Amino acid sequence: MATFFLGYIIAMILYMVITLYGINVMRSVVTEKTSRVMELMVAASRPRSLMTGKILGVGGAGFTQIAIWLTIGGIALAYRDQLLSLIGVSGDAGSAIRR
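Residues numbered from 1 in each chain as written. Predicted model: local features only at pLDDT ≥ 70, side-chain atom pairs only at ≥ 80, totals over all residues. Heavy atoms only, no water.

J.: Help me out: how do you make sense of the overall build of the protein chain in this one?
T.: Within the protein chain, the regular secondary structure consists of five helices and zero strands. Mapped from its N terminus to its C terminus, the protein chain presents α and β elements in the order α-α-α-α-α. Looking at the 99 residues of the protein chain, the share that counts as buried comes to 8%. A total accessible area of about 8,600 Å² is found for the protein chain, and carbon and sulfur atoms account for 72% of it. (Helix = DSSP H or I, 4+ residues; strand = E, 2+ residues; numbered from the N terminus. Buried < 20%, exposed > 50% of the residue type's maximum accessible area, 1.4 Å probe, protein only. Areas by Shrake-Rupley, 256 points an atom, 1.4 Å probe, with all protein chains shown as cover.)

J.: Where do I start with the packing of aromatic side chains in this structure?
T.: Any two aromatic rings considered together are summarised by their centre-to-centre distance and by the angle between their planes. Counting across every chain of the model gives two aromatic pairs. When the ring of F4 is compared with that of F5, the centres are 5.4 Å apart and the planes differ by 65 degrees; the resulting orientation is edge-to-face. On the basis of relative accessibility, which here comes to 52%, the residue F4 falls in the exposed class. Each ring, one from F4 and one from Y8, has its centre 6.1 Å from the other, and the planes form 25 degrees; the classification is stacked. Of this pair, F4 and Y8 both sit in helix α1 (residues 2-33), four residues apart, which is roughly one turn of the helix. Classification of Y8 by relative accessible area gives partly exposed; the value is 48%. (Phe/Tyr/Trp six-rings, centres within 6.5 Å; stacked < 30°, edge-to-face > 60°.)

J.: How should helix α3 (residues 47-78) be read in this particular structure?
T.: Counting along an α-helix, one turn takes 3.6 residues, and residues three or four places apart therefore face a common direction. In a regular helix each residue adds 1.5 Å, so 32 residues correspond to 46 Å; α3 covers 46 Å between its end C-alpha atoms and thus fits that length. Of all the positions in α3, only L50, K54, V58 and G59 are classed as buried. (Expected span 1.5 Å × (residues − 1).)

J.: Explanation requested: the packing of α1 against α3 in the structure shown.
T.: Remark: α1 packs on α3, axes separated minimally by 10 Å, with the N-to-C direction vectors making an angle of 135 degrees. Taken together, the axes of α1 and α3 are oblique relative to one another. Between α1 and α3 the crossing geometry is right-handed. Together, V17, Y21, N24, V25, S28, V29 and E32 of α1 and M51, K54, I55, V58, G59 and I66 of α3 make up the contact between the two elements. Residues that form the contact of α1 with α3 fall into these classes: eight nonpolar, three polar and two charged. (Axes fitted to C-alpha atoms, helices over the stretch in contact; angles between N-to-C directions. Parallel < 35°, antiparallel > 145°, perpendicular 65-115°, else oblique. Left-handed = near helix turned anticlockwise from the far one by under 90°. Contact = heavy atoms within 4.5 Å. Nonpolar A, V, L, I, M, F, W, Y, C, P; charged D, E, K, R; others polar.)

J.: Please explain the confidence of the model for the protein chain as it appears in this structure.
T.: For any part of a model where pLDDT is low, the fine detail of the predicted coordinates should not be relied upon. Looking at the protein chain, pLDDT values average 78 and 85% of them are 70 or higher. In the model of the protein chain, helix α5 (residues 93-98) stands out as the element of lowest mean pLDDT, 50, in contrast to α3, which has the highest, 84. (pLDDT = per-residue confidence, 0-100.)

Spelled out as structure tokens, the structure:
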């Protein structure tokens, strides 16, 4: 049962990341369409290259954000006992349950 819930939670996180990425791309395209800068960019380059650059730029920013969160999570897991002791919580809760 725990495996099912873990898979379900991971699927929901993946869904949310993809949805938020799509919303960010859409928002940035709408913002550029309302500005005069976009009119100059469309006149100077092809729409396919503009959209490719937009997807790669926003995607790179999204992947960077995910990498930062994963790095912070890894550091927190590596030093969890020290972090828990800073707030006065014992990190040995699992052994108390087994007793």
